[in-house]
Amino acid sequence: MKKPRGLHPDEEALWRVVSEQAEPLHPKQPLTNSGASIPDPKRKPVKINKSGLRAFNIGEKAPHRNQSHDLKPALSDRIGQAPVHMDHKTFGKMKRGRIIPEGKLDLHGKTMAQAHPALNRFILDAYADGKRLVLVVTGKGKHRDEPGPIPVPFGVLKHQVPQWLMMAPLRSAVLQVSEAHLKHGGSGAYYVYLRRHR
């Protein structure tokens, strides 16, 4: 094992200047030769119980948390937890598949560059025609053969379409977005409930 080298005279002088100007964090605790404070064995650790947090004692292991590494909830959870902006009774009928969509756009096999303008045109035309409920089919997506080190959600259009619907120019026409009932495509399709055309 290699012996640590000693301080050069200029390093010792610099250390003396720094240590003379420094103020100790805990002035009542005695210092060792190395300058580190010696913990007082008579002092008990402070227990803090603010806002329901469990007290933590020095030397105690932190409790193990069984958490996933997902940074955001699943898309279906986010859409399901969105506030309802339409009539609740109509929303319930729509979710149960009891309202027949007045129009349908199928985006299967389209790229994002093709799908975005097609979605804009379809929603704005339906809004101008006074339609209230339309169906946008995205498909559920396919798993990639080689996922790679960075997780990528499969179903690019499935994830992108709800975002497009909440952005201009569609935001002013769209009142509610919800996953479709199984008979209309389930998680591979969206109900888009439009505002009344004025």
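To be clear, the structure that these remarks concern was listed above.
Residues numbered from 1 in each chain as written. Predicted model: local features only at pLDDT ≥ 70, side-chain atom pairs only at ≥ 80, totals over all residues. Heavy atoms only, no water.

What follows deals with a nonpolar patch on the surface. A grouping of Leu-14, Trp-15 and Val-18 is seen on the molecular surface, where their side chains present a nonpolar patch of about 330 Å² in accessible area. Its location among the elements puts Leu-14 in helix α1 (residues 9-21). (Patch = residues over 30% accessible without salt bridge, like charges linked within 9 Å, V, L, I, M, F, W, Y side chains within 5 Å. Areas by Shrake-Rupley, 256 points an atom, 1.4 Å probe, with all protein chains shown as cover. Salt bridge = Lys/Arg side-chain N within 4 Å of Asp/Glu carboxyl O. Helix = DSSP H or I, 4+ residues; strand = E, 2+ residues; numbered from the N terminus.)

Within this structure, the stated rule accounts for one salt bridge. Linking Lys-158 and Glu-179 is a salt bridge whose minimum nitrogen-to-oxygen distance equals 3.7 Å. One end of the pair, Lys-158, is in helix α5 (residues 156-165); the other, Glu-179, is in strand β3 (residues 174-179), and 21 residues separate them in sequence. Judged by relative accessible area, Lys-158 falls into the buried class, the value being 12%. (Buried < 20%, exposed > 50% of the residue type's maximum accessible area, 1.4 Å probe, protein only.)

Right, let's talk about the environment of Lys-183 for a bit. Tracing the backbone through its elements, the reader meets Lys-183 in the loop between β3 and β4 (189-194). Sequence separation between Lys-183 and Arg-98 is 85 residues; the distance between their C-alpha atoms is 10.0 Å. Reaching out from Lys-183, the side chain makes a polar contact with the backbone oxygen of Gly-97 at a distance of 2.9 Å. (Polar contact = N/O pair within 3.5 Å; in protein donor to acceptor, adjacent residues only side chain to side chain.)

Moving on, we come to the pairing of β4. On a regular strand, one side chain projects to one face of the sheet and the next to the other, so that they alternate. For β4, the buried fraction is high: six of the six residues fall into the buried class. Of the two faces of β4, the one lined by Ala-189, Tyr-191 and Tyr-193 and the one lined by Tyr-190, Val-192 and Leu-194 are each fully buried. Two elements, strand β2 (residues 133-137) and β4, share five bridges in a ladder whose sense is antiparallel. Looking at the pairing, Val-136 lines up with Tyr-190 of β4. (Pairing = 2+ DSSP bridges.)

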